[in-house]
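Residues per chain, in single letters:
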Amino acid sequence: LADATPSLSYSLPSARPTVASRPRQPADADEGGAAAMGDQLAPTKRHAFNHEGRVIYEWDQSLEELNCYVSLPRGVSAKMLAVCITSGNVKIGIKGNPPYLDHHTSHLVKTEECFWTLEDGELHIQLQKLQRGKAWASLFKGHDHLGLVQGQEEQQRLMLERFQEENPGFDFSGASFNGEAPDPSTFMGGVKY
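This is a predicted model, so every value here is computed, not measured. (Residues numbered from 1 in each chain as written. Predicted model: local features only at pLDDT ≥ 70, side-chain atom pairs only at ≥ 80, totals over all residues. Heavy atoms only, no water.)

J.: Describe the overall build of the protein chain, with residues and values.
T.: The helix and strand tally for the protein chain stands at 2 helices and 9 strands. Residues counted as buried form 41% of the 193 residues belonging to the protein chain. Summarising the internal contacts of the protein chain: among those between residues at least 6 apart in sequence, 61% fall at separations of at least 24. About 10900 Å² of surface is accessible on the protein chain, with carbon and sulfur atoms providing 52% of the total. (Helix = DSSP H or I, 4+ residues; strand = E, 2+ residues; numbered from the N terminus. Buried < 20%, exposed > 50% of the residue type's maximum accessible area, 1.4 Å probe, protein only. Contact = heavy atoms within 4.5 Å. Areas by Shrake-Rupley, 256 points an atom, 1.4 Å probe, with all protein chains shown as cover.)

J.: For the packing of aromatic side chains, give the residues involved together with the corresponding values.
T.: Across all of its chains, the model carries 6 aromatic pairs by this definition. With centroids separated by 5.7 Å and ring planes inclined at 45°, the aromatic side chains of Phe163 and Phe172 adopt a geometry described as tilted. Pairing Phe163 with Phe177 gives two aromatic rings, centres 6.3 Å apart and planes at 35°, and the pair type is tilted. Note that Phe163 is positioned in helix α2 (residues 148-166) and Phe177 in the segment after α2, a separation of 14 residues in sequence. Members of the aromatic cluster, joined through ring pairs, are Phe163, Phe170, Phe172, Phe177 and Phe187. A cation sits over an aromatic face here: Arg46 above Tyr69, 3.5 Å from the ring centre. (Phe/Tyr/Trp six-rings, centres within 6.5 Å; stacked < 30°, edge-to-face > 60°. Lys NZ or Arg CZ within 6 Å of the ring centre and 35° of its normal.)

J.: Give me the sheet that holds strand β5 (residues 81-86): which residues, what numbers.
T.: With antiparallel pairing, the 3 strands of this open sheet are ordered in space as β5-β6-β7. The open sheet has two free edges, formed respectively by β5 and β7 (101-104), since each of these has just one partner strand. The average angle at which neighbouring strand axes cross in this sheet is 5°, direction not considered. Note: β5 against strand β6 (residues 89-94), 6 bridges, orientation antiparallel. In the sheet register, Cys84 faces β6, and the bridge partner there is Lys91. (Pairing = 2+ DSSP bridges. Axes fitted to C-alpha atoms, helices over the stretch in contact; angles between N-to-C directions.)

J.: Hey, could you go over the nonpolar core for me, with residue numbers and the actual values?
T.: Counting residues in each nonpolar core, the largest one holds 25 residues, and the members touching the most others are Tyr57, Val70, Ile125, Leu127 and Leu139. Looking at this core, the elements that each hand over two or more residues are β3 (54-61), β4 (65-71), β5, β6 and β9 (122-128). The contacts of Val70, once residues within four sequence positions are left out, are Ile56, Tyr57, Ile92, Tyr100, Leu101, Gly121, Glu122 and Leu123. (Core = buried A, V, L, I, M, F, W, Y, C linked by side-chain atoms within 4.5 Å.)

J.: Tell me what's going on with the pattern of salt bridges, and back it up with residues and numbers.
T.: Evaluation of the coordinates by the stated rule reveals 8 salt bridges. Here Glu154 ties to Arg157 by a salt bridge, and the two come within 3.1 Å at their closest N and O atoms. In this pair, Glu154 and Arg157 both sit in helix α2, 3 residues apart, roughly one turn of the helix. By relative accessible area, Arg157 is classed as buried at 11%. Note that Arg157 and Glu161 form a salt bridge whose closest N and O atoms lie 3.5 Å from each other. Here Arg157 and its partner Glu161 are both found in helix α2, 4 residues apart, which amounts to about one turn of the helix. The structure contains a network of salt bridges with shared partners spanning Arg46, Glu58 and Glu122. (Salt bridge = Lys/Arg side-chain N within 4 Å of Asp/Glu carboxyl O.)

J.: I'd like a description of the side chain of Glu58, backed by residues and values.
T.: In this fold, Glu58 is placed in strand β3. Among the polar contacts made by the side chain of Glu58, one reaches the side chain of Arg46 at a distance of 3.1 Å. (Polar contact = N/O pair within 3.5 Å; in protein donor to acceptor, adjacent residues only side chain to side chain.)

J.: Could you give me a rundown of unusual backbone geometry, with the residues and numbers involved?
T.: Residue Glu52 is not a glycine yet carries a positive backbone phi of 50°. Considering the arrangement of structural elements, one finds Glu52 in the loop between β2 (45-51) and β3.

J.: Describe the pairing of β9, listing the residues and the values that go with them.
T.: Taking burial as the measure, the 7 residues of β9 include 6 buried ones, the bulk of the element. As judged from the 5 bridges shared by strand β8 (residues 115-119) and β9, these two strands associate in the antiparallel manner. Bridge assignment links Leu118 to a residue of β9, and that residue is Leu123.

Written as C-alpha cells, this is what we have:
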C-alpha cells in the first residue's frame, strides 16, 4: 500500500537559481472605487525564487513585514504542515518528512509577531522585520539577490511607503526619486516605531 501523503521536494541547487518578478494580486478597492493611498504603495510584484524552471516560493515586502508564498500540492491541509519560524530561520515541510525549505533569513525577524496561514492551496508566511524599514535584497541567505534595478525599485517604494505613513494626508503614490533613493531605515533618523 503506497503512502498517500502528498510530498514536497526541493533540494539546494548546485547551479544558481534565479529571481523573477510577477504582478501581485491587486488590493481591494474601497467604497469609492479607488484603493487607499497607502495601498497604492503596497508591493505590486512578488519576487519568485526559481530552481530548474520551477517556482519554489515567492516573496514581497513592506516597511514592517515580509511575505513568503509557497504553492502546496493538492490535498495538503494545515494540520499536515510543519512550519517553524525562529528569529533567523524558516523551516517548512509536511510532518514526518524532511523539510521542503529550511533556510536562514537574510536578516532577523520578530518571531512573536510572525504567523502563517493556508488558503486555496497556498501557504502564506508573514514575517515581521526586526529592523523596520530595512529593504531586504533576498528573503533567505544564499538565494539570489534582487538585481540592481529591482533592488533600487524596492528601496524607492519602501521610502515612499515611509513618507506616506509619516504624512497621512498626502498622496505619494505618483512620486519618484531622481537618482538613488535613501535607505528608509536610516534616512533622517530612521523609521519611527
